[in-house]
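Chain and residue survey
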Amino acid sequence: MKRLTRKEEELMQAIWKLEHAFVKDVIELLPHPKPHYNTVSTVIRKLESQSYLAHEDFGGTHRYYPKISKETYQKQFLGDSMAAYFDNSYKNMVAFFAREKKITPEELKDILKAIERGEE
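Residues numbered from 1 in each chain as written. Predicted model: local features only at pLDDT ≥ 70, side-chain atom pairs only at ≥ 80, totals over all residues. Heavy atoms only, no water.

Where charged atoms of side chains with opposite charge meet at close range, the side chains can pair. Evaluation of the coordinates by the stated rule reveals 6 salt bridges. Between Glu-8 and Lys-46 there is a salt bridge, with its nearest N and O atoms 3.1 Å apart. In this pair, Glu-8 sits in helix 1 (residues 6–18) while Lys-46 sits in helix 3 (residues 37–49), placing the two residues 38 residues apart along the sequence. What you see here is one network of salt bridges that share partners, running through Lys-2, Glu-8 and Lys-46. (Salt bridge = Lys/Arg side-chain N within 4 Å of Asp/Glu carboxyl O. Helix = DSSP H or I, 4+ residues; strand = E, 2+ residues; numbered from the N terminus.)

Moving on to the side chain of Glu-8. The exposure class of Glu-8 is buried, given its relative accessible area of 2%. A polar side-chain atom of Glu-8 sits 3.1 Å from a polar atom in the side chain of Lys-46. For Glu-8, the contacting residues outside a window of four places in its chain are Lys-2, Val-43, Lys-46, Leu-47 and Gln-50. (Buried < 20%, exposed > 50% of the residue type's maximum accessible area, 1.4 Å probe, protein only. Polar contact = N/O pair within 3.5 Å; in protein donor to acceptor, adjacent residues only side chain to side chain. Contact = heavy atoms within 4.5 Å.)

The following block contains the structure:
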């Protein structure tokens, strides 16, 4: 599985959220300025050729759906980031976010409580 570009990930986020979507539905979820229909359609067809998406035919138009779950994609690339930037250490990753003030002490306490309870 290859890492998606920022634009590809943005489209996949929309499709994961919608579960099944026509190109116009994806465009509606995207931020302003909205990309052109043909641009979105081209990227979606590329994602389909890379096996991230599949489609159903509806009278000459296609409704797309994900072939890979958001969770599968997250696990793959979070794992790659962990290896590349944090020496495969969640401790190093959390420490990085704490140093960068991207996570508060209260959030860390909540995470610890969830771990102790065995929650995800």
